[in-house]
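# Close look at the chain arrangement
Chain by chain, the residues run as shown.
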Amino acid sequence: MPSFSAGVVTAVLSERRGLQRVEVGGSPAYVLTDLVGPVAVGDEVVVNTTAVDLGLGTGGWHVVHWNLSRRGWSQPGPGMVLKLRYTSLQADVGAAEEAPGYEPPPGGLGGTPVVACALHSQIAPVAAILAEARPGWRIAYVMTDGASLPLALSDLVADLCGAGLLATTVSCGQAFGGDHEAVNLHSALEVAVRTGVDAVVVAAGPGGVGTRTRLGFSGLEVASVVDAAALLGGRPVVAVRYSGADRRERHRGVSDHTATSLWAAARPAIVAVPRGERPAMPALAAHHSVMEVDVPDVARLLAAHGLEVETMGRGTADDPDFFRWAAAAGVAAAQLTAGG
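Residues numbered from 1 in each chain as written. Predicted model: local features only at pLDDT ≥ 70, side-chain atom pairs only at ≥ 80, totals over all residues. Heavy atoms only, no water.

### Some details on the sheet that holds strand E12 (residues 199-204)
Filter applied, for reference: Between any two strands, at least two bridges found by DSSP are needed for them to pair. Helical segments are the DSSP runs of H or I of at least four residues, strand segments are the runs of E of at least two, and each set is numbered from the N terminus. Axes here mean lines fitted to C-alpha atoms, for a helix over just the part in contact, with angles spanning 0 to 180 degrees between N-to-C directions.
The eight strands lie next to each other as E11-E10-E9-E12-E8-E13-E16-E17, forming an open sheet whose pairing is parallel. Of all strands in the sheet, those bounded by a partner on one side alone are strand E11 (180-182) and strand E17 (289-293). Neighbour-to-neighbour, the strand axes of the sheet open up by a mean angle of 25 degrees, direction not taken into account. As paired strands, strand E8 (residues 113-116) and E12 are joined by three bridges and run parallel to one another. Bridge pairing in E12 places Val115 opposite Val201.

What follows is the structure, encoded as structure tokens:
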């Protein structure tokens, strides 16, 4: 159950669209300004302390629930579709699908490559490689609701947009805060393609969940992304989760999460791997295809865009295999389109 406390805002650390980072009584907290409005130094606020109290890996920050220094606040949305439905924070974010004149793309996804990522951090090497391989391409990021719900919370997405590596964002399901809102994953893929992008990268936001059970992990949604993309006429590519440094055996080499997601996907996908490193994956059913590709220097590409990316606290120097295998999916996506 949630835990709350009250305190006074003692500092505003940073601000960007949809997000303020502040200190409340000296403790770090963030404000989702689209939900509760902005705060100022001296305001008394109520914060949700649950994540910090539990010591969660993605915790360390309280969440401002309400600003007691104001009697009310309103920011009308663009439509009738609510997200965070039936909670005290439900918000009328609207949806692209309900906008006047909206029609899905007549050809579905029309062969657009759709890269399915199990972890939020994988989107950076995928996007950087696509920009290197296909200059001028417009890349969309679709954020699912498999982990954090507010897109504004992602420093990585903010950096990728700032570097020009992502042209647009779509938040789907109960996730919110993208350039476009979509009701579900399938429709989000069509919304993204309708904006005129050349490729789509799909992943949950920060803070995925794992339970050490076969199916109880956020990344299983990779199977749903593969099936949705294939159903709608896209070309699904799986970014393999691979690590040479993770201390957990289930994530060393090809992660069990990737193997399970491939098993769970009913439709065929391209599984991208660095050339000469094709692994033994018993779960790689006959309807999936392995594509071996040459992967450029990922660390160099990320650095060239001023990006410092970590996964589980490890950067490119600590776990180069993770970034190299994720980047392979970007190479494969570019080559798929190159070959028609």
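### Considerations on the pattern of salt bridges
Note the cut-off: The salt bridge definition used is simple: a Lys or Arg side-chain nitrogen within 4 Å of an Asp or Glu carboxyl oxygen. When a residue's accessible area, from a 1.4 Å probe over protein chains only, is under 20% of the maximum for its type it is buried; when over 50% it is exposed; and in between it is partly exposed.
Following the criterion strictly, the structure yields nine salt bridges and no others. Residue Arg324 is joined to Asp321 by a salt bridge in which the shortest nitrogen-to-oxygen separation is 2.7 Å. Note that Arg324 and Asp321 are positioned in helix H9 (residues 320-338) at a spacing of three residues, about one turn of the helix. Residue Arg324 is classed as partly exposed on the basis of its relative accessible area, which comes to 23%. Look at Asp321 and you get partly exposed, because its relative accessible area is 22%. One network of salt bridges, in which partners are shared, links Arg16, Arg21 and Asp155.

### Examining unusual backbone geometry
In the Ramachandran plot, Leu84 falls in the positive-phi region, its phi being about 55 degrees despite a non-glycine side chain. With respect to the helices and strands, Leu84 occurs in the loop between strand E6 (82-83) and strand E7 (91-92). Phi is positive for Met312, close to 55 degrees, though the residue is something other than glycine. Tracing the backbone shows Met312 in the loop between helix H8 (298-304) and H9.

### Description of the packing of helix H5 (residues 185-194) against helix H6 (residues 221-231)
The axes of two packed helices give the description: the angle between them and the distance between them. Inclusion rule: Between 65 and 115 degrees an angle is taken as roughly perpendicular, under 35 as roughly parallel, over 145 as roughly antiparallel, and anywhere else as oblique. Helix crossings are classified by the rotation of the near helix relative to the far one: an anticlockwise turn of less than a right angle makes the crossing left-handed, while a clockwise turn makes it right-handed. Throughout, a residue-residue contact means that at least one pair of heavy atoms, one from each residue, lies within 4.5 Å. Gly is put with the polar residues, along with every residue not named as nonpolar or charged; the nonpolar set is Ala, Val, Leu, Ile, Met, Phe, Trp, Tyr, Cys and Pro, and the charged set is Asp, Glu, Lys and Arg.
Where H5 meets H6, the axes come as close as 9 Å, and the angle between the chain directions of the two elements is 55 degrees. When the axes of H5 and H6 are compared, the pair comes out oblique. Handedness of the crossing formed by H5 with H6: right-handed. Residues Leu185, His186 and Leu189 of H5 pack against Ser224, Val225, Ala228, Ala229 and Leu231 of H6. Here the contact of H5 with H6 is composed, by residue class, of six nonpolar, two polar and no charged.

In short, geometric facts, not functional conclusions.
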